[in-house]
Amino acid sequence: QILLNPLLKSKCMAQDIFDKIKKNRGPLGQYSKGVHGYFTFPKLEGEIGNKMIFRGKECLVWSVNNYLGLANHPEVREADANASKEWGLAYPMGSRMMTGQTHEHEALEAEISEFM
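Bear in mind that the values here come from a model prediction, so they are computed numbers and not experimental data.

Chemist: Before we go on, may I ask you to explain the sheet that holds strand β2 (residues 51-54) in this structure?
Modeler: Strand pairs in the sheet, formed through backbone hydrogen bonds, run parallel or antiparallel to each other. Spatially, three strands are ordered β1-β2-β3 in an open sheet, and the strand pairing comes out antiparallel. On the outer flanks of this sheet lie β1 (44-45) and β3 (57-60), each paired with one strand and no other. Bridge analysis of β2 against β3 gives four bridges, and the strand direction is antiparallel. Looking across to β3, one finds that F54 is bridged to K57.

Okay, structure coming up:
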């Protein structure tokens, strides 16, 4: 069992973390009943942007990597499709500290710093 505080070992056994989660799923847990016990993910529709459609209503999206507003630009989409064909879709994404980096990351960083 996973102990919440090792010092309490002699006094009582802590509740297994997975049992605790099953009993109290937190504020999002109320939504898990309708989807076979799993948490749901918000389904966003429309073009990638700072405003997208959620459950039929336009809403602000704070997590889109579209800082320059170019995600739907035809040249960017073409370059994205070409890169997917050449490199695939399984390269590390997100923070390099969390997911790692490649030679291509370093080369791009060097090229951008030379440009600046």
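So much for the structure itself; the text now carries on.
Chemist: It is not clear to me how helix α2 (residues 74-87) should be interpreted in this structure. Could you clarify?
Modeler: Turn by turn, an α-helix covers 3.6 residues, leaving residues three or four places apart pointing in a common direction. Between its first and last C-alpha atoms α2 spans 20 Å; for 14 residues at 1.5 Å apiece the expected length is 20 Å, and the two agree. G88 occupies a position one or two residues after α2 and carries a positive phi of about 85°.

Chemist: What is the right way to read the pairing of β2 from this model?
Modeler: By the bridge criterion, two bridges tie β1 to β2 in an arrangement that is antiparallel. The partner of L44 across the bridge, within β2, is F54. In this structure, the hairpin formed by β1 and β2 is closed by a connection of five residues, where G46 is found at a positive phi of approximately 105°. Linkage of β2 to β3, two consecutive antiparallel strands, is achieved through a turn of two residues, within which R55 is found at a positive phi near 50°.

Reading the values: rules and limits
- Residue positions within a chain follow its written sequence, with the count starting from 1.
- The predicted origin of the model limits local features to residues at a pLDDT of at least 70 and limits the giving and counting of side-chain atom pairs to 80 or more, whereas totals for whole chains, interfaces and linings rest on all residues.
- Based on all heavy atoms of the structure, the side-chain values leave hydrogens and waters out of the count.
- One bridge is not enough; two strands pair if DSSP finds at least two bridges between them.
- Under the DSSP-based scheme used, a helix requires at least four consecutive residues in state H or I and a strand at least two consecutive residues in state E, with every element numbered from the N terminus.
- In this scheme, a helix's expected span is set at 1.5 Å multiplied by one less than its residue total.

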